[in-house]
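# Reading the structure
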Amino acid sequence: MHRLPPAFTAELRNIVGDGNFREGEAVASIDYGVTPENLGAGAVVLPATTGEVAAVVKCCLAHGVPIVTHGGRTGLVGGGMSKPGEVVLSTARLNRIHHILPVERVAVVEAGVTLQALQVAAAQHRLETGIDLPSRGSATIGGMASTNAGGISAFRFGVMRHRILGMEAVLADGSIYSDLTRVVKNAAGYDLKHLFIGAEGTLGVITRLAVKLEPQPLATATALFGLASVDAALETVRRGLDAEYGHLRAAEAIWSRYFHLTSRHHRWSATDFAADHPVNLLMTLGGAEESALQSELGRIYEAVAAVHPDASAVIAFSGAQEADLWRLREDTDLIYRNHPGAPSYDVSVPLSQVASYLERCLADLKAIDGTLDPYVFGHLADGNLHIVLNKAGTDIPLEKASALDQAVYGTLSETGGSFSAEHGIGLKRVSSLSRLSDPSKLVLMRRIKELLDAPALLNPGKVLRAGP
Ligand SMILES: Cc1cc2nc3c(=O)[nH]c(=O)nc-3n(C[C@H](O)[C@H](O)[C@H](O)COP(=O)(O)OP(=O)(O)OC[C@H]3O[C@@H](n4cnc5c(N)ncnc54)[C@H](O)[C@@H]3O)c2cc1C
């Protein structure tokens with residue numbers, strides 16, 4: 001087993017306290033999250049303050065030991081993967097919520113606070129985070145900023161980039177960049193926090209954030225619509241956006257293959273809801289009164305059914321029924337239990353192009369391998385589609401991988417979409433970024449990396465290929 005130099009680890013222990021540096025066997029008890037390779041370094045340091053983070057970074061710089069920062073380890077693109085010779089810097093102890101300021105609708109939090117912890121704390125003031133992800137129990141605000149996470153309500157409240165007002169981060173030389181501004185309007189020169197948002201730990205270690213909050217509605221109501229086409233689903237979304245009562249909070253599409261998987265597994269069915277619609281749409285409205293929201297969902301269904309008589313719908317009339325419907329969308333783990341390591345894609349497509357993009361993409365995948373019948377679901381109001389192949393990772397021969405990428409990514413930039421909507425680049429999409437990006441963008445990204453982290457101390461090899 002690779003051990004880090006004893007002088008280095010002694011210094012780390014001195015900074016964070018003996019029990020807050022773990023190596024070898026002591027790492028085995030830590031949850032590795034999405035992939036075991038996250039803890040490949042076999043060494044984890046857990047600083048508790050910004051000062052300790054800065055001291056850890058300076059120590060790593062002095063000893064030439066690269067740092068891989070970890071939040072909740074829920075990242076889906078290998079951004080947290082680490083290897084022997086590196087050290088994982090976990091933000092688990094940076095978990096304080098400093099303030100929730102109800103008048104300002106702002107929270108100031110440390111980077112390791114989980115989304116759920118902030119949601120619970122904000123709810124006490126009838127506020128919400130304006131961003132929600134199925135991984136809420138583990139994903140941290142720092143990790144979400146680092147991946148520019150999107151999630152369920154991005155169409156309404158924006159992605160992380162739009163939620164963050166101020167930031168503190170430790171730079172690769174151990175100095176501290178501090179701009180914990182708490183106001184939306186801030187035109188004071190270059191807005192540098194945006195460099196760290198979406199940088200996946202390659203430009204700095206985010207330690208604290210000022211996050212915008214939103215008023216929490218008094219009630220919500222959810223319905224599942226079964227529809228014949230993407231166009232019918234988009235029309236239903238538009239009717240949700242135009243709701244006469246309440247506002248649209250979520251519009252999640254579940255294509256039939258994934259719907260069959262989750263509904264069968266959870267033994268979900270409802271009278272008058274046909275199980276074989278090509279597209280299913282989960283829609284949640286928020287507002288003042290639950291029964292009025294349920295009636296509004298009923299009105300939306302009637303309007304949709306007038307044009308699409310084959311549509312069906314079920315409205316949840318209790319919290320338990322609402323949770324049952326959401327499980328049909330959120331239990332993505334079922335796919336990976338059936339197909340370990342299944343290749344997955346996270347694309348966004350302009351709404352007017354979703355139907356034609358998907359038709360072409362699925363046909364091209366089938367042409368490569370007739371047994372491919374992917375699971376498709378996603379945040380439809382944003383045109384964000386998750387496409388997961390019905391194959392274990394090991395069942396995809398290397399020579400087919402680039403043809404599959406071409407089938408999914410081929411026409412995206414022409415349509416004005418993005419090959420990486422909300423999960424980031426990490427390690428998994430480094431070659432796609434270099435293949436699909438404008439060359440001048442890559443040159444600028446390298447210059448920024450060189451400026452902020454010349455020794456390549458921070459998460460080397462992620463986002464951009466290591467080396468010249
Ligand atoms: C079931 C499931 C559902 C998901 N659904 C969604 C979804 O709907 N939308 C979405 O956008 N994502 C989703 N994700 C992906 C994931 O939750 C997000 O990428 C999340 O933002 C990662 O947060 P984390 O704290 O787990 O970060 P980690 O996984 O620990 O790290 C992710 C990246 O950020 C870096 N990083 C972490 N913390 C810091 C920090 N403080 N400073 C600098 N760099 C840091 C890491 O080095 C790594 O590159 C889902 C994941 C799962 C498992």
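Remember, predicted model here, so these are calculated numbers, not experimental data. (Residues numbered from 1 in each chain as written. Predicted model: local features only at pLDDT ≥ 70, side-chain atom pairs only at ≥ 80, totals over all residues.)

### Observations concerning the overall build of the chain
Secondary structure summary: the chain contains 17 helices and 18 strands in total. For the chain, the C-alpha radius of gyration of 23 Å lies close to 23 Å, the compact-globule estimate for 468 residues. The principal-axis extents of the C-alpha atoms in the chain amount to approximately 70 × 55 × 45 Å. Within the chain, the proportion of its 468 residues that are buried is 46%. A sequence separation of at least 24 residues applies to 74% of the contacts in the chain between residues at least 6 apart. (Helix = DSSP H or I, 4+ residues; strand = E, 2+ residues; numbered from the N terminus. Rg over C-alpha atoms; globule rule 2.2 N^0.38 Å. Buried ≥ 20, exposed ≤ 12 C-beta atoms within 10 Å, placed from the backbone. Contact = placed C-beta atoms within 7 Å.)

### Description of the pairing of strand β18 (residues 384-388)
Within β18, five of the five residues are buried, leaving the element largely enclosed by the surrounding structure. Every second residue of β18 is oriented toward a common face, with Asn 384, His 386 and Val 388 on one face and Leu 385 and Ile 387 on the other, all of them buried. Here strand β16 (residues 344-348) runs beside β18; their pairing, made up of five bridges, is antiparallel. Looking across to β18, one finds that Ser 344 is bridged to Val 388. (Pairing = 2+ DSSP bridges.)

### What about the sheet that holds strand β8 (residues 164-170)?
Taken in spatial order, the five strands line up as β5-β6-β10-β8-β9 in an open sheet, and their pairing is antiparallel. Of all strands in the sheet, those bounded by a partner on one side alone are β5 (97-101) and β9 (176-179). Each strand of the sheet is rotated relative to its neighbour by a mean of 10°, with strand direction disregarded. Pairing of β5 with strand β6 (residues 106-110), which is carried by four bridges, proceeds in the antiparallel orientation. By the bridge assignment for β6, His 99 is matched with Val 108. Relative to the sheet, helix α3 (residues 115-123) contacts β5 and β6, its axis offset from that of β5 by approximately 40°. (Axes fitted to C-alpha atoms, helices over the stretch in contact; angles between N-to-C directions.)

### Re the site of the ligand
The immediate surroundings of the ligand are formed by 38 residues, with Gly 71, Gly 75, Gly 79, Gly 142 and Gly 143 found nearest. Of all the secondary structure elements, the ones that give two or more residues to the shell around the ligand are β3 (67-70), α4 (141-147) and β10 (205-212). At five residues, α4 tops the list of elements feeding residues into the shell around the ligand. When grouped by side-chain class, the residues that make up the shell around the ligand number 11 nonpolar, 23 polar and four charged. Summarising the domain contributions, the shell around the ligand has at least three residues from each of domain 1 (6-90) and domain 2 (97-215). (Near = placed C-beta within 6 Å. Nonpolar A, V, L, I, M, F, W, Y, C, P; charged D, E, K, R; others polar. Domains from an automatic or database assignment.)

### Brief notes about unusual backbone geometry
Located in the positive-phi region is Glu 200, a residue other than glycine, with phi close to 55°. Residue Glu 200 is classed as buried on the basis of its C-beta count, with 25 C-beta atoms lying within 10 Å. If you check the backbone angles, Asn 459 has positive phi at about 45° while not being a glycine. Relative to the helices and strands, Asn 459 is located in the segment after α17 (439-452).

### Let's talk about the domain arrangement of the chain
Per the domain assignment, the segments making up the chain are domain 1 (6-90), domain 2 (97-215), domain 3 (219-331), domain 4 (334-424) and domain 5 (426-455). On a C-alpha basis, the centres of domain 2 and domain 3 stand 30 Å from each other. In this assembly, four residues from domain 2 lie in contact with five residues from domain 3.

### Brief notes about the pairing of β6
Counting buried residues in β6 gives five out of five residues, a clear majority hidden from the surface. Judged by which residues are buried, β6 turns out to be covered on both faces: Val 106, Val 108 and Glu 110 on one side and Ala 107 and Val 109 on the other are all buried. Between the end of β5 and the start of β6, which pair antiparallel, lie four residues, with Arg 105 showing a positive phi angle near 55°.

### Description of helix α14 (residues 398-409)
Residue pairs spaced three or four apart in an α-helix point in one direction, given the helix's 3.6 residues per turn. In a regular helix each residue adds 1.5 Å, so 12 residues correspond to 16 Å; α14 covers 17 Å between its end C-alpha atoms and thus fits that length. Among the residues of α14, those classed as buried are Leu 404, Ala 407, Val 408 and Tyr 409. As for α14, its buried residues are in contact with β16, α13 (354-368), β18, α15 (412-415) and α16 (430-436). (Expected span 1.5 Å × (residues − 1).)

### Focus: helix α11 (residues 319-330)
The terminal C-alpha atoms of α11, which comprises 12 residues, lie 16 Å apart, in line with the 16 Å expected from a rise of 1.5 Å per residue. Packing partners of the buried residues in α11 comprise β12 (219-227), β13 (247-255), α9 (256-265), β14 (279-287) and β17 (375-379).

### Topic: the packing of helix α8 (residues 230-241) against helix α10 (residues 290-307)
Across the interface, α8 lies against α10 with an axial gap of 10 Å and an inter-helix angle of 140°. Crossing handedness for the pair α8 and α10: right-handed. The residues of α10 that touch α8, namely those facing Ala 232, Glu 235, Thr 236, Arg 239 and Gly 240, are Ile 300, Ala 303 and Val 304. Along the lines of polarity and charge, the residues of the contact of α8 with α10 split into four nonpolar, two polar and two charged. (Left-handed = near helix turned anticlockwise from the far one by under 90°.)

### Some words on the sheet that holds β18
The seven strands lie next to each other as β15-β12-β14-β13-β17-β18-β16, forming an open sheet whose pairing is antiparallel. Edge positions in the sheet fall to β15 (312-315) and β16, since each of these pairs with one other strand and no more. Here the average twist between neighbouring strands, direction ignored, is 15°. Where β12 and β14 come together, nine bridges link them in antiparallel fashion. Each residue of the ladder has a partner; that of Thr 220, found in β14, is Gly 286.

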